[in-house]
There are 2 protein chains.
Amino acid sequence: MYPVDSASLFAGLAASDKAAFMRHARTRRLTRGELLFAHGDPVTSLYLITCGSVQLFRTTHEGQQKTIALVKAGQPLCEDEIMDACHGRRTSGVAVEDSELLEFPVARVKEMARENGTFALNLLSLVAARLHLAEVEAEHQAAMSAAQLVACFLQRMCVLYDFNQAGFELPYSKTLIASRLGMEVKTFSRTIAKLKDHGISVEGNHVAILDLKAVGKYVCSACSVAGSCNTHQAMEIKTAH
Amino acid sequence: MYPVDSASLFAGLAASDKAAFMRHARTRRLTRGELLFAHGDPVTSLYLITCGSVQLFRTTHEGQQKTIALVKAGQPLCEDEIMDACHGRRTSGVAVEDSELLEFPVARVKEMARENGTFALNLLSLVAARLHLAEVEAEHQAAMSAAQLVACFLQRMCVLYDFNQAGFELPYSKTLIASRLGMEVKTFSRTIAKLKDHGISVEGNHVAILDLKAVGKYVCSACSVAGSCNTHQAMEIKTAH
DNA sequence: CGACACTTTGAAGACGATCAACGCCGGTGG
DNA sequence: CCACCGGCGTTGATCGTCTTCAAAGTGTCG
């Protein structure tokens, strides 16, 4: 269970305001694979994952499904959709594993944002951060090879999930990760083999990042002016305003 | 000159509040090609373009430059950067043509958002809309061929710039548009030829969209559940909350 | 044990990027 | 006035990368 109070959404809020807001929360429990909402559904709620993780995805006309995001415990869900409720969900949301989340009615969230400037700015920070992330992601997709994408992703995951670089287990299936990276499973599979030569070993679900320099050399203009993709580390962590 | 008062940023604001905010505005005039800010610069201001247009881009290590966005008169600039001033500009901004814009200090904007709930929600709407746009864009890049991208772009431009479908002039150079679409000029050039067969004729800077159905058949799951990319039209127009 | 989802691998194919060369135009300077 | 240059746009040929098709191995769970 994730400590809800420390969510960046509530940073800087008075305990009383937080408590008042929390009274509108409902707890939702999902089992592995259960649908939280579907593409096109009306946007009625904002969520905060307290346990587990959720996959956001879209299904293309051919039935293929593209993963937009993997959201883990402690992170909010759909904070970017609350402002245009009229257009319906932009993605489908499904529990990757047994999960638990807090559900806040959109109307309450807007009300809170309208009345509490700090909360509004927190919300703005979150959405802005996601936008930045989306831009970086887009640039990566365009500029980097499959191998670079995978290396970059593994390294970021390592930081974000607080894993030990020297050895950790993949928290998601390879199929899911491949979809998240926008590539075919086959390509992902092939790519993994090549990574051995670049300081990253993957065997089954076990990953070991042996040579960090090899990863770091993939420079990316979106991440910093002249730095390396190691600065990704800061990207998802920062939320303060 | 664009009517500033009708900017979506100020929707629903009391005239007095708007006026108070506007007092902090400074007018900036840029000549064609002039730099507004560079990648990495501290984020000091939010802009509102009153006249002309601005290119946002990043320069990669090899010196190539990728266009992130083309912002035209009436639209705000950098509304997504104001919340993490510490990280510096994420893009460089340059005037595509002689332009004029209003400049608001970041501190004032934050202050306004903190005190005025409506303004805060307007800001949130803007950033959320941009995020949505970025996601759709990413999906397009991944799912559509070069020809589809160009067709889609031309059609959207037609709506966004209020052009006549039957015949209009490109407002930007082909080089710039190609960069905006994330493709090489050469590819863009070749693609244009192919479009003739699909109901879009381009000769020099003159474009005519003859067969709309041809364009419309490029369906895209990001835009609507089962609709066509014609719904792009709604995308950039909506900003209300 | 058998169904089925997940993963790996080989071979062929499609697409866009890259290399290279050329025509076009506006500006500059001799 | 003309020769030169740089930016822009077009076109042909080639190349690398990722997807697709096809097939088979691995694992889990009923």
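Thresholds applied
Residues numbered from 1 in each chain as written. Chains lettered and ligands numbered in written order. Predicted model: local features only at pLDDT ≥ 70, side-chain atom pairs only at ≥ 80, totals over all residues. Heavy atoms only, no water. Near = heavy atom within 4 Å. Polar contact = N/O pair within 3.5 Å; in protein donor to acceptor, adjacent residues only side chain to side chain. Pairing = 2+ DSSP bridges. Helix = DSSP H or I, 4+ residues; strand = E, 2+ residues; numbered from the N terminus. Contact = heavy atoms within 4.5 Å. Axes fitted to C-alpha atoms, helices over the stretch in contact; angles between N-to-C directions. Domains from an automatic or database assignment. Buried area = accessible area lost by both parts, 1.4 Å probe. Salt bridge = Lys/Arg side-chain N within 4 Å of Asp/Glu carboxyl O. Nonpolar A, V, L, I, M, F, W, Y, C, P; charged D, E, K, R; others polar. Buried < 20%, exposed > 50% of the residue type's maximum accessible area, 1.4 Å probe, protein only. Phe/Tyr/Trp six-rings, centres within 6.5 Å; stacked < 30°, edge-to-face > 60°. Lys NZ or Arg CZ within 6 Å of the ring centre and 35° of its normal.

Student: It is not clear to me how the protein's contact with DNA strand D should be interpreted in this structure. Could you clarify?
Tutor: Around DNA strand D lies a shell of 14 residues, among which Ala146 and Thr187 of chain A together with Lys174, Thr175 and Arg190 of chain B are the nearest. Sugar plus phosphate: this is where 58% of the atoms of DNA strand D within 4 Å of the protein reside. A distance of 2.9 Å separates a phosphate oxygen of DNA strand D from a polar atom in the side chain of Lys174 of chain B. Between DNA strand D and the protein, one listed contact pairs a base nitrogen with a side-chain N or O atom of Arg190 of chain B at 2.8 Å.

Student: What is the right way to look at the sheet that holds strand β6 (residues 76-77) of chain B in this model?
Tutor: Strands pair in a sheet through their backbones, by hydrogen bonds, and they do so in one of two ways: parallel or antiparallel. All names here are of chain B. Read across the sheet, 4 strands follow the order β1-β8-β3-β6 without closing on themselves; strand pairing throughout is antiparallel. Of all strands in the sheet, those with a lone pairing partner are β1 (26-30) and β6, marking the two edges. Judged from the 2 bridges that link them, strand β3 (residues 45-51) and β6 form a sheet pairing that is antiparallel. In the strand pairing of β6, Leu48 is matched with Pro76. Across the face of the sheet, helix α2 (residues 106-115) comes into contact with β3 and β8 (99-105) while running at roughly 65 degrees to β8.

Student: Would you mind showing me how to read the domain arrangement of chain A here?
Tutor: One frequent convention defines the size of an interface as the accessible area lost when the parts assemble. Residue and element names in this part refer to chain A. Under the domain assignment, chain A is made up of domain 1 (4-134) and domain 2 (144-240). At the junction of the two partners, domain 1 supplies 16 residues and domain 2 supplies 14 residues. Taken over both partners, the interface formed by domain 1 and domain 2 buries close to 1300 Å², and the fraction arising from carbon and sulfur atoms is 60%. Ranking the residues of domain 1 by area buried against domain 2 places Leu70, Lys72 and Leu133 at the top, with a combined share of 40%. Counting the contacts that link domain 1 with domain 2 gives 0 salt bridges. Linking domain 1 with domain 2 are 3 residue pairs in polar contact (both at pLDDT 80 or more). Those elements giving two or more residues to the side of domain 1 that touches domain 2 turn out to be β4 (53-59), β5 (65-72) and α3 (117-143). Top element by residues in the side of domain 1 that touches domain 2 is β5. It accounts for 7 residues. Its residues placed into classes, the side of domain 1 that touches domain 2 shows 6 nonpolar, 8 polar and 2 charged.

Student: Sorry, what's going on with the environment of Lys174 of chain A here?
Tutor: All names here are of chain A. Along the polypeptide, Lys174 turns up in helix α5 (residues 174-180). For Lys174, a relative accessible area of 28% puts it in the partly exposed group. Sequence separation between Lys174 and Phe188 is 14 residues, and the spatial gap between their C-alpha atoms is 7.9 Å. Excluding its chain neighbours within four sequence positions, the residues that come into contact with Lys174 are Phe188, Ile192, Val202, Gly204 and Asn205.

Student: What exactly am I supposed to notice about the protein's contact with DNA strand C here?
Tutor: Taken together, 13 residues lie around DNA strand C, and Lys174, Thr175 and Ser189 of chain A together with Ala146 and Thr187 of chain B are the ones closest in. In the interface set of DNA strand C, defined as its atoms within 4 Å of the protein, sugar plus phosphate atoms amount to 69%. One of the backbone N or O atoms of Ala146 of chain B is found 2.5 Å from a phosphate oxygen in DNA strand C. Note that a phosphate oxygen of DNA strand C is positioned 2.3 Å from one of the side-chain N or O atoms of Thr187 of chain B.

Student: Just to check I follow, could you spell out the environment of Met157 of chain A for this structure?
Tutor: All names here are of chain A. Locating Met157 in the fold gives a position in helix α4 (residues 146-160). When its relative accessible area of 3% is taken as the criterion, Met157 is described as buried. Taking the C-alpha atoms as reference points, Met157 and Pro171, separated by 14 residues in sequence, lie 9.4 Å from one another. Setting aside its immediate chain neighbours within four residues, Met157 contacts Asp162, Phe163, Phe168, Leu170 and Pro171.

Student: In this structure, what is going on with the packing of aromatic side chains? I would like to understand it.
Tutor: Within a pair of aromatic rings, the relevant descriptors are the distance that separates the centres and the angle that separates the planes. Per the stated rule, a full pass over the model turns up 14 aromatic pairs over all chains. Aromatic pair Phe10 of chain A and Phe21 of chain A: ring centres 5.9 Å apart, planes at 65 degrees, arrangement edge-to-face. On the criterion of sequence distance, the pair formed by Phe10 of chain A in the segment before α1 (15-22) and Phe21 of chain A in helix α1 is long-range, its members being 11 residues apart. One exposure class covers both Phe10 of chain A and Phe21 of chain A, and it is buried. Above the ring of Phe37 of chain A, the side-chain terminus of Arg89 of chain A is found at 4.1 Å from the ring centroid. Taking NZ or CZ as reference, Lys72 of chain B lies 5.0 Å from the ring centre of Tyr161 of chain B, over its face.

Student: I keep staring at the pattern of salt bridges and nothing clicks. Help me out?
Tutor: Side-chain pairs of opposite charge can arise whenever the charged atoms involved come near each other. Residues and elements named next belong to chain B. Summed over the entire model, instances satisfying the criterion amount to 20 salt bridges over all chains. In this structure, the salt-bridge partner of Glu79 is Arg130, at a minimum N-O distance of 2.3 Å. In this pair, Glu79 is assigned in the loop between β6 and β7 (92-95) and Arg130 in helix α3 (residues 117-143), connecting sequence segments 51 residues apart. According to the relative accessible area criterion, Arg130 is partly exposed, its value standing at 25%. Across the pair Arg90 and Asp80 runs a salt bridge, and its minimum N-O distance is 2.9 Å. Here Asp80 lies in the loop between β6 and β7 and Arg90 lies in the loop between β6 and β7, a separation of 10 residues in the sequence.

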